[in-house]
Amino acid sequence: MTPVLYSFRRCPYAMRARLAILAADVEVELREVVLRDKPQAFLDTSPSGTVPCLELPDLVIDESLDIMIWALSQSDPQGLLNMPQAGWDLIAHSDGPFKHALDRTKYTTRYPDDDPTHHRAEASGFLADLNAQIDVHLFDHPSLADIAIAPFVRQFAFIDKPWFDAQPWPQLQGWLARFLASDAFAQVMVKYPQWRPGDAPTVFPSRAAQE
């Protein structure tokens, strides 16, 4: 069977899974999930009930980073997995402390007892470190770290884009701008209708979009 990817367009975790699948050029059947109306087939497949979730013939992968690694292990023409240990460390910090601070900056009603100003400052420390790291990419060539972290930097930046643009992070801002203007970002952000059982399969990556 063709691997099935349950996804949600705006979720940064699902976004980075699609980025890796696109980079690997591994064909999947994409099923767009509406989070307030999750289909039973998705809930029966995903142990966590969260996107992204990749269903393989003999395995379900329920974590976005694991989906990325799986895809690039099939095919990695850009050499994205060829990165130093520092790349894995950056991803771990992005997925851990940075995402913790990002959520408490963005979703203030979810965390009424947390000070968003404090958490924005915490997130900013990581972003300043990224700014110091970047030339064109996080390392000397594109890597898994770039596409694993960029969706979360995008999410943080658009909490208050004028504020983000006013920070002394020119390398980071340029890196994000190139990501947002890239063909890869455009392809993974194509809008698909909500998947329902019985729908014709949606192939991703779309061959038409790549031509």
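Because the structure is predicted, anything quoted here is derived from the model rather than measured.

Novice: Lay out the side chain of glutamate 32 with the relevant residues and their values.
Specialist: The residue glutamate 32 is located in strand β2 (residues 28-32) in this model. No salt bridge is formed by the buried glutamate 32; its nearest oppositely charged neighbour, arginine 18, is found at 5.3 Å. When neighbours within four sequence positions are excluded, glutamate 32 is seen to be in contact with Ser7, Phe8, Arg9, Tyr192, Pro193, Gln194 and Trp195.

Novice: Any chance you could break down unusual backbone geometry for me, citing the residues and the numbers?
Specialist: Negative phi characterises most residues that are not glycine, and trans characterises most peptide bonds. Of the consecutive residues valine 51 and proline 52, the connecting peptide bond is found in the cis state with omega at 0°. For proline 52, the location among the structural elements is in the loop between α2 (40-45) and β3 (53-56). Of note, the bond from phenylalanine 204 into proline 205 is cis; its omega dihedral lies within 30 degrees of zero at -5°. Counting through the fold element by element, proline 205 comes out in the loop between β5 (203-204) and α10 (207-210). Phi is positive for aspartate 25, close to 55°, though the residue is something other than glycine. You can call aspartate 25 partly exposed: its relative accessible area is 41%.

Novice: Any details on the pairing of strand β1 (residues 4-7)? Residues and values, ideally.
Specialist: Covered by surrounding structure in β1 are Val4 and Tyr6 together with Leu5 and Ser7, the residues of both alternating faces. Handedness of the β-α-β unit built from β1, helix α1 (residues 12-24) and β2 comes out right-handed.

Novice: Let's hear about a positive patch on the surface: which residues, and what values?
Specialist: Together, Arg10, Lys106, Arg110 and Lys191 make up a region of like positive charge exposed at the surface. Counting through the fold element by element, arginine 10 comes out in the loop between β1 and α1. Take arginine 10: its relative accessible area is 56%, and that puts it in the exposed class.

Novice: Tell me what's going on with the environment of leucine 176, and back it up with residues and numbers.
Specialist: Tracing the backbone through its elements, the reader meets leucine 176 in helix α8 (residues 170-180). Counting along the chain gives 19 residues from leucine 176 to alanine 157, while the straight-line C-alpha distance between them is 9.0 Å.

Novice: Quick one: what's the story with the sheet that holds β1, residue by residue and with numbers?
Specialist: A sheet is described by the order of its strands in space; here five strands give the open sequence β4-β3-β1-β2-β5, paired in mixed fashion. Since the sheet does not close on itself, it has two edges, and those belong to β4 (59-61) and β5, each with one partner. Both β3 and β4 contribute to a ladder of three bridges, which runs antiparallel. Looking at β4, one finds that glutamate 55 is bridged to valine 60. Against the sheet, α1 makes contact with β1, β2 and β5, and its axis sits at roughly 145° relative to β1, the strand it touches most. Its contacts with the sheet place helix α3 (residues 64-74) against β1, β3 and β4, and it is angled at close to 45° to β3.

Novice: Can you break down the environment of glutamine 40 residue by residue, with the values?
Specialist: Assignment of secondary structure puts glutamine 40 in helix α2. Counting along the chain gives 122 residues from glutamine 40 to proline 162, while the straight-line C-alpha distance between them is 41 Å.

Procedures and definitions
Residues numbered from 1 in each chain as written. Predicted model: local features only at pLDDT ≥ 70, side-chain atom pairs only at ≥ 80, totals over all residues. Heavy atoms only, no water. Helix = DSSP H or I, 4+ residues; strand = E, 2+ residues; numbered from the N terminus. Buried < 20%, exposed > 50% of the residue type's maximum accessible area, 1.4 Å probe, protein only. Lys, Arg positive; Asp, Glu negative; His and termini not counted. Salt bridge = Lys/Arg side-chain N within 4 Å of Asp/Glu carboxyl O. Contact = heavy atoms within 4.5 Å. Right-handed = clockwise from strand over helix to strand, strands pointing away. Patch = residues over 30% accessible without salt bridge, like charges linked within 9 Å, V, L, I, M, F, W, Y side chains within 5 Å. Areas by Shrake-Rupley, 256 points an atom, 1.4 Å probe, with all protein chains shown as cover. Charge placed at Lys NZ, Arg CZ, Asp CG, Glu CD. Pairing = 2+ DSSP bridges. Axes fitted to C-alpha atoms, helices over the stretch in contact; angles between N-to-C directions.

Such coordinate-based values are descriptive only and should not be taken to indicate function.
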